[in-house]
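Here is how the chains run, residue by residue.
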Amino acid sequence: MLPKFIVKFFTKAGRYFILLRRAFTRPQSWRVFGRLYMREIDDLGFNSMGIVTFLSFFVGAVVALQMALNLDGSAIIPKYYTAYATRETVVLEFSPTIIAIILCGKIGSFVASSIGTMRVTEQIEALDVMGVNSANYLLLPKIAAMLSFMPILIMTSIVTAIFGGWVAAITSGTCTSAEFIYGLRMPFDTFYVTYAMIKSEVFAFVLVTIPAYFGYYINGGALDVGKASTNAVVCSSTIIIILNYVLTQTLLG
Amino acid sequence: MLQAINICKSFDGKQVLKDISSTFDAGKTNLIIGQSGAGKTVFLKSLTGLITPDAGDILYGGMSYNAMSEDEKNNLRHEIGMVFQGGALFDSMDVEENVMFPLMMFSSMSRSEMRDRVDWALRRVNLPDVQRKTPAELSGGMKKRVAIARGIIMNPKYLFCDEPNSGLDPKTSIVIDQLISEITHEYGMTTIINTHDMNSVMEIGEKIIFLKGGRKAWEGTSAEILEAQNTDIVDFVYSSPILKALKESKLRK
Ligand SMILES: Nc1ncnc2c1ncn2[C@@H]1O[C@H](COP(=O)(O)OP(=O)(O)OP(=O)(O)O)[C@@H](O)[C@H]1O
Ligand SMILES: [Mg+2]
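Residues numbered from 1 in each chain as written. Chains lettered and ligands numbered in written order. Predicted model: local features only at pLDDT ≥ 70, side-chain atom pairs only at ≥ 80, totals over all residues. Heavy atoms only, no water.

**Let's talk about the overall build of chain A**
Within chain A, the regular secondary structure consists of eight helices and zero strands. Going residue by residue from the N terminus, the α and β elements of chain A occur as α-α-α-α-α-α-α-α. With the principal axes as the frame, chain A shows a C-alpha extent of 70 × 50 × 35 Å. Buried residues in chain A amount to 46% of all 253 residues. Considering only contacts within chain A whose residues lie at least 6 apart along the sequence, 85% involve residues at least 24 apart. In the form shown here, chain A has an accessible surface area of approximately 12,000 Å², with 70% of it arising from carbon and sulfur atoms. A gap of 8 Å separates the mean positions of the 18 positive and 13 negative side-chain charges of chain A. (Helix = DSSP H or I, 4+ residues; strand = E, 2+ residues; numbered from the N terminus. Buried < 20%, exposed > 50% of the residue type's maximum accessible area, 1.4 Å probe, protein only. Contact = heavy atoms within 4.5 Å. Areas by Shrake-Rupley, 256 points an atom, 1.4 Å probe, with all protein chains shown as cover. Lys, Arg positive; Asp, Glu negative; His and termini not counted. Charge placed at Lys NZ, Arg CZ, Asp CG, Glu CD.)

What follows is the structure, given as structure tokens:
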């Protein structure tokens, strides 16, 4: 016999993929889908803009300060490398991965608790009994909205983080604005941007579908909604961290 | 007309429905009564297709559910209206959007035609002028009425109501009961209502099924129920002091 936790894992994974298969069907009504899509763009996308810009600015600033600190004392490496190193860190790791994990907390808990509340108040059954494919109705607009908006969030994050780095570098006197900009314009592997986009799309998919799964299969009451949304955040951020390793290894390794 | 044939259902090895068969006529209010935990909700959800029974079949107008193709099942769903125990209104929509929802999904009506139809349904349940309110702004009785309006918007052949008057005061309960009964007769729907309210039974019960521990323990009409000899049903009916007094006064005469 297989150990119980392995059986449990595969049962859950199986249910997750069944849910996805039901979600990826043609919407039953395009006019309803269109409205839901616009609402999700607003709820999941625009509503995350604020936190993403705010955090990116400060983390970008900290990254630049750290880089300056590391390069300090080295006589050979010129100051403008601060900008170069900040750019590489932000594009490769900070924006796609850290922002995705932060969004797990924000979007993940929102998705899990809103779908979970619909489950415990029988709203999902109300959809099913009418003949609405509830998985498609609830998940597809969210997935579509997140996949289309995530690149915008990540690009915004990259730009503000670098801007934060620039502000930190010149206010701390690490280098001049001209030096920083010179560093930013050093040779650039464009594949890094592709890599960042691939990562963010994968993470965007994870951070909507995993919490949606947790919410969709809730059994119980309001208390379980809270538990499910905590579990959803933990689970989706863990998966993102593991996938980050796998993707980095396969795409850059 | 709707027929249940030998319906069985277990959850985790515990048998909740034990071989239940019955016939529900069109244009009549059919009641399912029984104590809390008797299996009423599970039975009702089995009749709507929300729960798949382990064994047995359901005939909708003579058509076997087990023999239906996916398309036929989907068409059948549009002929089913359901009022859930808690109303199950969509929190994210106002009253008009809630009632209009099935039309949005499945009809090709224009916006103004849908509006007219919604106005008709809301007038039918005596709730004019609440279109712009959200479910959170409604009282329990109003929620139930909106749920009924949503249930009848597609002109269903089958109407299922899970405890439509639980949590309501006696007067509102009677109003809701009367409303469902009127609609049933007016449109010739096959209506099946779960309840544990003896008032409803006496008021609108044309056919009554009594469930006990997952088994059909009795069935008959409201006229017969007071005379029934079956000890289970006698126990259930006369657990209400008012009915007990009524019976005693009747016997004295
Ligand atoms: N999804 C489920 N999983 C496991 N057990 C269930 C499930 N749904 C119902 N049951 C069990 O089935 C039994 C019947 O439940 P049901 O909800 O049908 O009762 P009820 O007659 O509707 O009661 P009430 O009047 O309180 O609504 C209960 O013992 C309940 O624990
Ligand atoms: Mg019930």
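**Side note on the environment of Thr-52 of chain B**
Relative to the elements of secondary structure, Thr-52 of chain B occurs in the loop between helix 1 (40-48) and strand 4 (55-60). A C-alpha to C-alpha distance of 9.5 Å links Thr-52 of chain B and Cys-8 of chain B, two positions 44 residues apart in sequence.

**Side note on the site of ligand 1**
Residue and element names in this part refer to chain B. What surrounds ligand 1 is a group of 14 residues, the closest being Lys-14, Ser-36, Gly-37, Lys-40 and Thr-41. In the environment of ligand 1, an oxygen atom lies 2.8 Å from a nitrogen or oxygen atom belonging to the backbone of Gly-37. At a separation of 3.2 Å, an oxygen atom of ligand 1 approaches a polar backbone atom of Ala-38. Its free accessible area being 630 Å², ligand 1 has 64% of it covered by the protein chains. Listed by contribution, the elements that provide at least two residues to the shell around ligand 1 are strand 2 (14-24) and helix 1. If one sorts the elements of the shell around ligand 1 by residue count, helix 1 sits on top with three residues. Looking at the shell around ligand 1, its residues break down into four nonpolar, seven polar and three charged. (Near = heavy atom within 4 Å. Polar contact = N/O pair within 3.5 Å; in protein donor to acceptor, adjacent residues only side chain to side chain. Nonpolar A, V, L, I, M, F, W, Y, C, P; charged D, E, K, R; others polar.)

**Describing helix 6 (residues 170-187) of chain B**
Every α-helix carries 3.6 residues per turn, so stepping three or four residues along brings you back to the same face. All names here are of chain B. For helix 6, which comprises 18 residues, the first-to-last C-alpha distance of 26 Å matches the rise-based estimate of 26 Å (1.5 Å per residue) to within 8%. Those residues of helix 6 lying buried are Thr-172, Ser-173, Ile-176, Asp-177, Leu-179, Ile-180, Ser-181, Ile-183 and Thr-184. Buried residues in helix 6 make contact with strand 3 (28-33), helix 4 (111-124), helix 5 (140-152), strand 7 (158-162), strand 8 (190-195) and helix 7 (198-204). Taken from the residues just after helix 6, Gly-188 is the one with a positive phi, measuring 60°. (Expected span 1.5 Å × (residues − 1).)

**With respect to empty space enclosed by the protein**
Across all of its chains, the model carries two cavities of 30 Å³ or more by this definition. Taken as a whole, the largest cavity holds about 130 Å³ of empty space. Forming the walls of the largest cavity are 15 residues, and the residues nearest its centre are Met-130 of chain A together with Ile-80, Gly-81, Pro-102 and Arg-150 of chain B. Elements supplying a minimum of two residues to the lining of the largest cavity: helix 4 (123-130) of chain A together with strand 6 (80-83), helix 3 (95-106) and helix 5 of chain B. The calculated volume of the second largest cavity comes to roughly 50 Å³. Lining the second largest cavity are Pro-27, Gln-28, Ser-29, Val-32, Phe-33, Leu-36, Asn-136 and Tyr-137 of chain A together with Met-105 of chain B. Of all elements in the fold, only helix 2 (30-71) and helix 5 (134-171) of chain A reach the threshold of two or more residues within the lining of the second largest cavity. (1 Å grid on protein atoms, 1.4 Å probe; cavity = no way out; pocket = protein on both sides within 12 Å on 5 of 7 lines; lining within 4 Å. Points joined across faces, edges and corners; volume = space filled by probe spheres on them.)

**As for helix 3 (residues 81-120) of chain A**
Spanning 40 residues, helix 3 of chain A covers 55 Å between terminal C-alpha atoms, matching the ideal 58 Å at 1.5 Å per step. The largest bend along helix 3 of chain A measures about 50° and falls at Val-90 of chain A. (Bend = angle between axes of the 7 residues up to and from the residue.)

**Remarks on the packing of aromatic side chains**
Any pair of aromatic rings gets described here by the distance separating the centres and the angle formed by the planes. As enumerated under the stated definition, the model contains 23 aromatic pairs over all chains in all. Between Trp-30 of chain A and Phe-33 of chain A, the ring centres sit 5.7 Å apart and the planes meet at 80°, which makes this aromatic pair edge-to-face. Here Phe-33 of chain A and Trp-30 of chain A lie together in helix 2, a separation of three residues that amounts to about one turn. On the basis of relative accessibility, which here comes to 15%, the residue Phe-33 of chain A falls in the buried class. For the pair Phe-163 of chain A and Trp-166 of chain A, a centre-to-centre distance of 5.8 Å together with 25° between the ring planes defines the contact as stacked. Linking Phe-163 of chain A with Trp-166 of chain A, this pair stays in helix 5, spanning three residues, or about one helical turn. The partly exposed category is assigned to Phe-163 of chain A, whose relative accessible area is 41%. Among the aromatic residues, those joined into a cluster by ring pairs are Tyr-16, Phe-17, Tyr-213, Phe-214, Tyr-216 and Tyr-217 of chain A. Cation over ring: Lys-73 of chain B sits above Tyr-65 of chain B, and NZ or CZ is 4.8 Å from the ring centre. (Phe/Tyr/Trp six-rings, centres within 6.5 Å; stacked < 30°, edge-to-face > 60°. Lys NZ or Arg CZ within 6 Å of the ring centre and 35° of its normal.)

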